[in-house]
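# Close look at the chain arrangement
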Amino acid sequence: QVQLVESGGGLVQAGGSLTLSCAASGRTFSSYAMGWFRQAPEREREFVSAISRSGGNTLYTNSVKGRFTISRDKAKSTVYLQMNSLNPEDTAVYYCAAGQANYGLESMESYAYWGQGTQVTVSS
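Definitions and limits used
- Residues numbered from 1 in each chain as written.
- Predicted model: local features only at pLDDT ≥ 70, side-chain atom pairs only at ≥ 80, totals over all residues.
- Heavy atoms only, no water.
- Salt bridge = Lys/Arg side-chain N within 4 Å of Asp/Glu carboxyl O.
- Buried < 20%, exposed > 50% of the residue type's maximum accessible area, 1.4 Å probe, protein only.
- Helix = DSSP H or I, 4+ residues; strand = E, 2+ residues; numbered from the N terminus.
- Contact = heavy atoms within 4.5 Å.
- Pairing = 2+ DSSP bridges.
- Axes fitted to C-alpha atoms, helices over the stretch in contact; angles between N-to-C directions.
- Disulfide = S-S within 2.5 Å.
- Phe/Tyr/Trp six-rings, centres within 6.5 Å; stacked < 30°, edge-to-face > 60°.
- Lys NZ or Arg CZ within 6 Å of the ring centre and 35° of its normal.
- Core = buried A, V, L, I, M, F, W, Y, C linked by side-chain atoms within 4.5 Å.

## Quick word on the pattern of salt bridges
Evaluated as defined, the whole model comprises three salt bridges. Put simply, E46 and R38 hold a salt bridge, and the shortest N to O gap is 2.7 Å. Relative accessible area serves as the criterion here: at 29%, E46 is assigned to the partly exposed category. Judged by relative accessible area, which is 5%, R38 ranks as buried.

What follows is the structure in structure tokens.
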């Protein structure tokens, strides 16, 4: 079992920045690829970013490329999502996820464990 707890969400003005954190506990953090997904009201949950077990490979959805950066800290068993140049379209509940897949990290089916989510609201 892996427990995931997100933090760092909040209200920010357009153009601002936030850093989300996801602390993992339970099994070995380095055994899991980590992903961030988001769900806006009345929309499907969508992929945002992912990082491989080693941290050597990262993925981003097109709409956040160049603005968001995913990273992981093995010593702290934590994955981060640095979000810059936020716009109202980024408003959503952001979820952290952990999975042992080596590929297909854009898919929700690749993740076995999920956090409870953290709200990000970007005002115009």
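## With respect to the environment of A101
Of note, A101 is situated in the loop between β9 (92–99) and β10 (113–114). The exposure class assigned to A101 is partly exposed, which follows from its relative accessible area of 23%. A sequence separation of eleven residues divides A101 from A112, and the C-alpha atoms of the two residues are 9.6 Å apart. Apart from residues no more than four positions distant in its own chain, A101 is found in contact with A33, R53 and S110.

## Some thoughts on the sheet that holds strand β3 (residues 18–26)
In spatial order, the strands read β1-β3-β8-β7; together these four strands make up an open sheet with antiparallel pairing. The two strands at the open ends of the sheet, each matched to only one other strand, are β1 (2–7) and β7 (68–73). Here the average twist between neighbouring strands, direction ignored, is 15°.

## Digging into the state of the cysteines
For the structure shown, the criterion picks out one disulfide. Each sulfur of the disulfide joining C22 and C96 lies 2.1 Å from the other. On the S-S bond that ties C22 to C96, the torsion sits near -80°, and the link is left-handed. Remark: C96 occurs in strand β9 and C22 occurs in strand β3; sequence separation between them is 74 residues. Accessibility expressed as a relative area gives 0% for C22, which makes it buried. A relative accessible area of 0% places C96 in the buried class.

## With respect to the packing of aromatic side chains
When we look at a pair of aromatic rings, we describe it by the centre distance and by the angle of the planes. Evaluation of the coordinates by the stated rule reveals five aromatic pairs. Ring geometry for Y32 versus Y113: centroids 6.0 Å apart, planes at 80°, classification edge-to-face. Taken together, the residues span a long stretch of sequence, with Y32 in the loop between β3 and β4 (33–39) and Y113 in strand β10 at a distance of 81 residues. An identical accessibility class is assigned to Y32 and Y113; each is buried. Judged by centre distance (6.1 Å) and plane angle (65°), the ring pair of Y111 and W114 falls under edge-to-face. Taking the relative accessible area as the measure of exposure, W114 reaches 27% and is therefore partly exposed. Linked through ring pairs, F37, F47, Y111 and W114 together constitute an aromatic cluster. The cationic tip of R45 hangs over the ring face of W114; the distance from NZ or CZ to the ring centre is 5.2 Å.

## Some details on the nonpolar core
Ranked by size, the top nonpolar core spans 28 residues in total, and within it L4, M34, W36, V79, L81, M83 and Y94 carry the most contacts. Only β1, β3, β4, β5 (46–51), β7, β8 (78–83), β9 and β11 (118–123) provide two or more residues apiece to this core. With seven residues, the next largest nonpolar core counts A33, F47, L105 and Y111 among its residues.

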